[in-house]
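Here is how the chains run, residue by residue.
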Amino acid sequence: MALARQDVELLAIGAGPANLALAVALEELAPAGLAESTVIAERYDSVVWQRGMLLPWTQSQVSFLKDLVTLRNPTSRFSFVNYLHNVGRLDEFINLGTFTPYRQEISGYLQWVADTLTKVRIGYGRRAVAIAPRHGAGGRLEGWLTSFADGSEIHSRDLVIGAGRDSRIPAEFAALPADRLIHSADYSARIAALDPAGKHRFAVIGGAQSAAELLWAVHQGFPAAATTMVMRSIGLKNYESSKFTNEIYYSSFIDQFFQATGPARDQLLREMHLSNYAGLAPAMLDTLYRQRYLERLSGDERLKLITMTDITATRFEGDEVVLTLTDRLTGTSTELAADYVLLGTGFDSRMPALVRGLADRLGLAETTVDRNYRLCVPGPEGGPSVYLQGVNEATHGISDSLLSVLAMRSSEIVGDLLQHRMGTGLLADVA
């Protein structure tokens, strides 16, 4: 039996924070008909924030006030505070005395928002595999055809892609057996298959927050395991997190960044990098240092750090992974054997494969967006649009992939979407 082909006004790919914020903005700001003709396609059967690293002790580094809606509409029923009230935990959260909730609580909030939507629909278990332009008479662009892994398709007039970036697997590790290589994005699902009592040897690659969390997770979850972190830097360090620096995460800063010259953008990105990607939260840093200190004191050192080191080769030999480590100070090489390699190497800086595929079909030499996140596609004003969420750091700054700007960005996208539909009669059709 052929799977149904669905027609909608707006398709959003990925039910993460970005597109959930968009859904809330549509329900609050757009004509009811447009919101009711919007579908979010989510590859999994539920909404889970940072699915691969949803560890019970991990906290967000972002204030709960930077939820999906509060900075845009503090009175919204979709706020994090209203979520806490609805689930009966507002008193407890207040008593905890923190601005930064645990990740599992943010994840619960996101699923609650998804369940609370009354107009926008979410289609679970739908993994998008390709997007193609849909042309009408005379070759005029009329919309987009999105194909899914189950063979189904959705035709949409407009499209928002917010499915996140692809995992970064450095070339040195690409040839290793897949069952011995675990990226942080897949950690929770993959690690569950291992025996907690096993005497595993884990090599953790990276020197920032995700790698540190991987190290601590296997150290605590596998009491008999040997855990070694390998990094290029001189050691683990704090985020740059002064209140002055944190002003770069204001939504208002995006205008300054977007209007900056190329060299100024490069400088801003380098300095902003220190506030998010190149460090650890102070609590994690202190935990790891104290643990290593105690182990050295007792003589039973399971948590090891190897600094100033490049991994220059890997091989699989005799049922183990062998890493060639080259010391950046001396140039000498040694080998480290492990059973599993855990990658805290982040995500590919290129546009996701889904976006690159669409750009190829459109014949775009480069993938660029305007200030309102609208993909620059040749054609008349008011034509079908594609918006990209969370992948525009080069033009909108480092906050683009974070929670901080979601509330305001969603209103900007909805406002731009409505403006581009004015004069075409489309708004009247969905009002």
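For the structure, check the block above.
Presented here is an overview of the structure given in this document.

**What to know about the pattern of salt bridges**
- Inspection of every chain in the model, using the stated rule, returns 22 salt bridges.
- Among the ionic pairs, R315 bridges to E317, the shortest N-O distance being 3.2 Å.
- Here R315 falls in the partly exposed class, since its relative accessible area comes to 30%.
- Between R315 and E335 there is a salt bridge, with the nearest N and O atoms lying 2.9 Å from each other. Pair noted here: R315 is in strand β11 (residues 309-317) and E335 is in strand β13 (residues 333-338), with a separation of 20 residues, a long-range link.
- Taken together, the shared-partner salt bridges in this structure form one network comprising E9, R157, D158 and R421.

**Thoughts on helix α1 (residues 17-29)**
- An ideal rise of 1.5 Å per residue puts 18 Å on 13 residues; α1 measures up with 18 Å between its terminal C-alpha atoms.
- Where burial is concerned, most of α1 is hidden: 11 out of the 13 residues are buried.
- Those residues of α1 that fall on the buried side of the exposure criterion are P17, A18, N19, L20, A21, L22, A23, V24, A25, L26 and E27.

**Quick notes on the nonpolar core**
- Ranked by internal contacts, the top residues of the largest apolar core, which has 46 residues, are L20, L26, I40, L68, Y109 and L110.
- Listed by contribution, the elements that provide at least two residues to this core are β1 (5-13), α1, α2 (32-36), α3 (80-86), α5 (103-116) and α13 (406-421).
- Those residues within four positions of L26 in sequence are excluded, and the remaining contacts are L10, L34, A35, T38, V120 and V414.

**As for the environment of E295**
- Among the structural elements, E295 can be located in helix α10 (residues 282-298).
- On the accessibility criterion, E295 (5% relative accessible area) is buried.
- In the structure, E295 is positioned 145 residues away from D150 in sequence and 50 Å away in space, judged by C-alpha atoms.
- Beyond its immediate sequence surroundings of up to four residues, E295 is in contact with H219, D300, E301, R302 and L303.

Cut-offs and rules
- Residues numbered from 1 in each chain as written.
- Predicted model: local features only at pLDDT ≥ 70, side-chain atom pairs only at ≥ 80, totals over all residues.
- Heavy atoms only, no water.
- Salt bridge = Lys/Arg side-chain N within 4 Å of Asp/Glu carboxyl O.
- Buried < 20%, exposed > 50% of the residue type's maximum accessible area, 1.4 Å probe, protein only.
- Helix = DSSP H or I, 4+ residues; strand = E, 2+ residues; numbered from the N terminus.
- Expected span 1.5 Å × (residues − 1).
- Core = buried A, V, L, I, M, F, W, Y, C linked by side-chain atoms within 4.5 Å.
- Contact = heavy atoms within 4.5 Å.

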